[in-house]
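# Topology and contacts: notes
One-letter residues, chain by chain:
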Amino acid sequence: MRSLIFTVFFLFFHLPLLISQTGTITGTVYDASSKKPLPSANITLTPPDIGDVTDSNGVFILTNLSEGTYHLVVSYVGYTEYHKRMSIIPGDTTRIDPFLAPETAQLNEIEVTDVQEKLKPYSVELISLTMLQETPAGDIGSFLRETPNISAIRKGGTNLDPVIRGFKFSQLNVQLNQGIRIEGGCPNRMDPATSHVDITDVREIRVYKGPYALRYGPNLGGILRISTAPVHEYTRFETHITAIQTFESNWNSTRSHLDVTGGNRYFFFDLSGNFNKAGNYNAGNGGEISSRFTQYNYSATVGITPAKNHTATVSFIRSFGRNVMFPALPMDERSDDTRILSVDYSATSLGKRWQSLTVSGYHSRVDHVMDTKERPSSDTIVAVSKVTAIDYGYRAEAGLRFGRHQVTAGTDYEEILKDGTRIKSLILQPNLPVKHEKLWDDAHIRNIGIFAEYQIPLGKVNLTGAVRVDFNDASCHSMAFYGMNGQLIYSIPDVSSSLTNFSISGGVRYIVTEKIDLRLSVGRSARSPDMVERFIMLLPIGYDDFDYLGNPQLKPEINNEADLAFSHNCSCSGSFHAGIFFSLVENYITGKEVPPSVVKPQTKGVAGVKQFINTDYVYLYGFECAYHTPDDWKLFGTAVISLTQGINPEATRYIIQNGQVTGEETIKNDPLAEIPPLEGTLTIGYKFLKSKLVPQATIRLVAAQNQLSQAYNEITTPGFVTAGLSLKYKYSELLTLNAGINNLFNAAYYEHLNRRIVGSEMPLYEPGRVFYATLIITL
């Protein structure tokens, strides 16, 4: 008892002394013109990269700071950044009141995430405008393959379908700007959501790996948030023009881009247009790949500022695809017409507690036509498929602040409508009736979500947690397949389902030292089956040679994942990042053969019919490592390496002889199909003339993929090495030239995720040597 009393008295009298061993920085951020406080300004202190956001009175406070020298950065959209180096003395409180000057220049580059993003315990990859402009990639999927543990499925010359850590298709949440969703028309995903946005219009891409960021919609394996040109107010009326022209050899590709933006304090706008055209390309082995395409689009965004810190915008995008060839799919895209309309409202600094409010609504429509008119079978039978896909919804989110506690809560809604028909005409038998087959019969999926995210910085520890509930229901008019003479071949009577999905995630970021931090995230997230998995009718849409049937009664897939990451950042030696992850996916959706006595395949050359089912579970695991030299080094470089592997503990392999299923066998610990192999990239360059002239060399090394799925009859993909050279010359703020060579040594190679050319076992090779040049004019 005496020792307890002594301890209490000791702590009581010495607690102020113990607390005083750390320092504090506090102050108020002001507008340099109006001298009024700036609420919601971002405060960053490095090292060790901690932050805060000013309250409604512009006040911020950073506590529990160890003795040392720090770099303070204060930023606010539309204002120049404030930088200051300062020293902390234990026990002292340092006060500083930054004044931010309004930025009159156009925001051309978006390269820094906000403070709340930087404090997240999970991986958020930021791809900036500068990075996008320096690449000759013709579409978003092609560009994303340069990011660690992100790959893409190639089926033609464009419209590559992204894959993140082995998760693909609707296992990923792909959205535009403030939550716009786009449902493609093709059952084989020749037009994934990323294909409906021109890469030249993109200003920023954020990649959220794992099932942790729940505020942006249902998220099983990752989120791609694609942002186009942001419109914003100006202090006085201004107009800016950006023109970009790109040429690529090999397939004689040309891309043209024109953007006009401007406005004043109360009204602002952005108008843009693009035209892309490419022919067939030659692979490194000299073979010609049918890859030609024509794509063009235009967009318009207008906005107003009805009151201070309030913004409203309306945006419209119209895009077109014509004669897009897909040699690895049963059909080619004849036309694709897309319309996207969105309305957004945002407000900040609404009160002491209520920091922000955003409300947005959207409507997207895709009219997609594909056919077999340029296929060898067109002299006997021609098939034309027409699909209409509509996706509309809203998203509302409020940001609240209680001291250092940051809460974001809201709701979102999405409804997908899809209807499509395949028309078959027998050329040699014109007297027979034309056959109409339903791909989707007025199918719809509705999802209502409620979410909340909590975040608090506690000195060297930052905590984040999120929850989400989704109410999902789906149905269609019917799932019935009829023969040429109208006889019923197959039908599914119960076509409706309702699901309730609960998701939760949490994580911690611990700042070990000024240079080292650790991040741990864990999450459980669910996603409902998509249109194909629920309602598709007898089409070959998988990796294997089977017609597929939808299953309206599928259960939701559930991803249980954990990520652990380590970072070391030093201004003198560079930054190093390493992370590992493990994912256990329950109710994994795969295919199971349906006996021929129940339903026969309807596509020539396939072995049978599979229906989507849920299997018990599969698991994936992998790692990512990256090193970057310091930003102020003239001789700079990066090195990245990544690997993902996936295992199905018990899979079924169907034995095919003479084009028919003759038996089956169980495969234990079968690798998942379409998982990329180990790969690494090394980049080195030098900054001449104060970074105006920057040559760069890149080497990409990809191992052979020998972890093959027997259930899907995968074959080994050889390893390969490719090299590239690039040169960036920034003549002035008005003129920039990027040029280079891809596949310098004209290597003949193909990625493991590239599909095989239809009707053969021949892989779809990547383009051979390509010379490119991009001219950027900014006025």
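Residues numbered from 1 in each chain as written. Predicted model: local features only at pLDDT ≥ 70, side-chain atom pairs only at ≥ 80, totals over all residues. Heavy atoms only, no water.

Right, let's talk about the nonpolar core for a bit. If you look at the biggest cluster of nonpolar residues, it comprises 53 residues, and the most contacted ones within it are Trp440, Phe535 and Phe612. Looking at this core, the element that brings in the most residues is strand 28 (residues 435–458), giving 4 residues. In terms of nonpolar packing, the next biggest core, distinct from the first, is built from 34 residues, Leu172, Ile180, Ala193 and Val585 among them. (Core = buried A, V, L, I, M, F, W, Y, C linked by side-chain atoms within 4.5 Å. Buried < 20%, exposed > 50% of the residue type's maximum accessible area, 1.4 Å probe, protein only. Helix = DSSP H or I, 4+ residues; strand = E, 2+ residues; numbered from the N terminus.)

Next up on the list: the sheet that holds strand 4 (residues 50–53). Strands sit in the order 4-3-6-7 across an open sheet of 4 strands; the sheet is antiparallel. Lying at the two open borders of the sheet, with one neighbouring strand each, are strand 4 and strand 7 (82–88). When the angles between neighbouring strand axes are averaged without regard to direction, this sheet yields 20 degrees. Pairing of strand 6 (residues 68–75) with strand 7 involves 7 bridges; the strand directions are antiparallel. In the sheet register, Val73 faces strand 7, and the bridge partner there is His83. (Pairing = 2+ DSSP bridges. Axes fitted to C-alpha atoms, helices over the stretch in contact; angles between N-to-C directions.)

Relative to strand 22 (residues 293–307), strand 19 (residues 267–278) is paired through 12 bridges, and the arrangement is antiparallel. Residue pairing in the sheet places Ala278 in a bridge with Phe293 of strand 22. What sits between the antiparallel neighbours strand 22 and strand 23 (residues 310–324) is a turn of 2 residues, in which Asn309 has the positive phi angle 70 degrees.

With that out of the way, let us pick up the domain arrangement of the protein. Once the domains are mapped, the protein shows domain 1 (2–100) and domain 2 (115–778). Using only C-alpha atoms to locate each centre, domain 1 and domain 2 end up separated by 40 Å. Listed per partner, the contact involves 22 residues of domain 1 and 20 residues of domain 2. Both faces combined, the contact of domain 1 with domain 2 buries some 1,700 Å², and carbon together with sulfur accounts for 44% of it. Inspection of the region where domain 1 meets domain 2 yields 0 salt bridges. Elements that contribute at least two residues to the side of domain 1 that touches domain 2 include exactly strand 3 (42–46), strand 4 and strand 5 (59–65). If you tally residues by element for the side of domain 1 that touches domain 2, the top one is strand 4, at 4 residues. (Domains from an automatic or database assignment. Contact = heavy atoms within 4.5 Å. Buried area = accessible area lost by both parts, 1.4 Å probe. Salt bridge = Lys/Arg side-chain N within 4 Å of Asp/Glu carboxyl O.)

Another aspect to go through is the packing of aromatic side chains. One pass over the structure, following the stated rule, counts 19 aromatic pairs. Their ring planes at 50 degrees and their centres at 5.3 Å tell us that Tyr208 and Tyr216 sit as a pair that is tilted. Comparing Tyr208 with Tyr216, the two get one shared label, buried. Ring centres of Tyr686 and Phe688 lie 4.6 Å apart, and the angle between their planes is 50 degrees; this geometry places the pair in the tilted category. Each member of the aromatic cluster is reached from another via a ring pair, and the members are Phe275, Tyr296, Tyr298 and Phe320. We note Arg165 situated over the ring of Phe581; from NZ or CZ to the ring centre the distance is 4.2 Å. Over the ring of Phe169 we find Lys168, and its NZ or CZ is 5.7 Å from the ring centre. (Phe/Tyr/Trp six-rings, centres within 6.5 Å; stacked < 30°, edge-to-face > 60°. Lys NZ or Arg CZ within 6 Å of the ring centre and 35° of its normal.)

Ordered in space as 5-1-8, the 3 strands form an open sheet in which the pairing is mixed. At either end of the open sheet lies a strand with only one pairing partner, and these are strand 5 and strand 8 (93–95). Between one strand axis and the next, the sheet turns through 15 degrees on average, direction left out of account. As judged from the 3 bridges shared by strand 1 (residues 23–28) and strand 8, these two strands associate in the parallel manner. When the sheet's bridge partners are listed, Thr24 is paired in strand 8 with Thr93.

In summary, the side chains of a regular strand alternate between the two faces of the sheet. By the alternation rule, side chains of strand 4 split into Ile50 and Asp52 and Gly51 and Val53, which are all buried. Where strand 3 lies against strand 4, 4 bridges are found, and the strand directions are antiparallel. By the bridge assignment for strand 4, Asn42 is matched with Val53.

Time to look at unusual backbone geometry. Residue Asp442 is not a glycine yet carries a positive backbone phi of 45 degrees. Within the secondary structure, Asp442 sits in strand 28. A positive phi is found at Asn746, a non-glycine position, where the angle reads about 55 degrees. Given the relative accessible area of 27%, Asn746 is considered partly exposed.

So, on to the pattern of salt bridges. In the structure shown here, the tally under the stated rule is 46 salt bridges. Residue Glu766 pairs with Arg145 through a salt bridge whose shortest N-O separation is 2.9 Å. Of this pair, Glu766 sits in the loop between strand 44 (735–742) and strand 45 (770–778) while Arg145 sits in the loop between helix 4 (140–144) and strand 11 (150–153), and the two are 621 residues apart along the sequence. Glu766 gets classed as buried once you look at its relative accessible area, which sits at 2%. Take Arg145: its relative accessible area is 13%, and that puts it in the buried class. Between Glu437 and Lys424 there is a salt bridge, with its nearest N and O atoms 3.4 Å apart. Linking Glu437 in strand 28 with Lys424 in strand 27 (residues 405–426), this pair joins segments that are 13 residues apart in sequence.

As a further point, take a nonpolar patch on the surface. Among the surface-exposed residues, Ile241, Leu258, Phe688, Leu689, Tyr729, Tyr731, Leu734, Leu737, Leu775, Ile777 and Leu779 lie close enough to one another that they form a single nonpolar patch of about 990 Å² accessible area. Here Tyr731 is to be found in the loop between strand 43 (720–730) and strand 44. (Patch = residues over 30% accessible without salt bridge, like charges linked within 9 Å, V, L, I, M, F, W, Y side chains within 5 Å. Areas by Shrake-Rupley, 256 points an atom, 1.4 Å probe, with all protein chains shown as cover.)

All right, on to empty space enclosed by the protein then. On inspection of all chains with the given rule, the structure shows 12 cavities of 30 Å³ or more. Considered as a void within the structure, the largest cavity measures approximately 220 Å³ in volume. Lining the largest cavity are 21 residues, and of these Ser195, His196, Gln295, Ser319 and Phe320 sit closest to its centre. Listing elements by their share of the lining of the largest cavity, those giving two or more residues are strand 22, strand 23 and strand 24 (332–348). Here the residues of the lining of the largest cavity sort into 5 nonpolar, 11 polar and 5 charged. Gly179, Arg181, Tyr362, Tyr394 and Asp412 are, among the 21 residues lining the second largest cavity, the residues nearest its centre. Those elements that place two or more of their residues in the lining of the second largest cavity are strand 14 (172–176), strand 24, strand 25 (354–371), strand 26 (381–402) and strand 27. (1 Å grid on protein atoms, 1.4 Å probe; cavity = no way out; pocket = protein on both sides within 12 Å on 5 of 7 lines; lining within 4 Å. Points joined across faces, edges and corners; volume = space filled by probe spheres on them. Nonpolar A, V, L, I, M, F, W, Y, C, P; charged D, E, K, R; others polar.)

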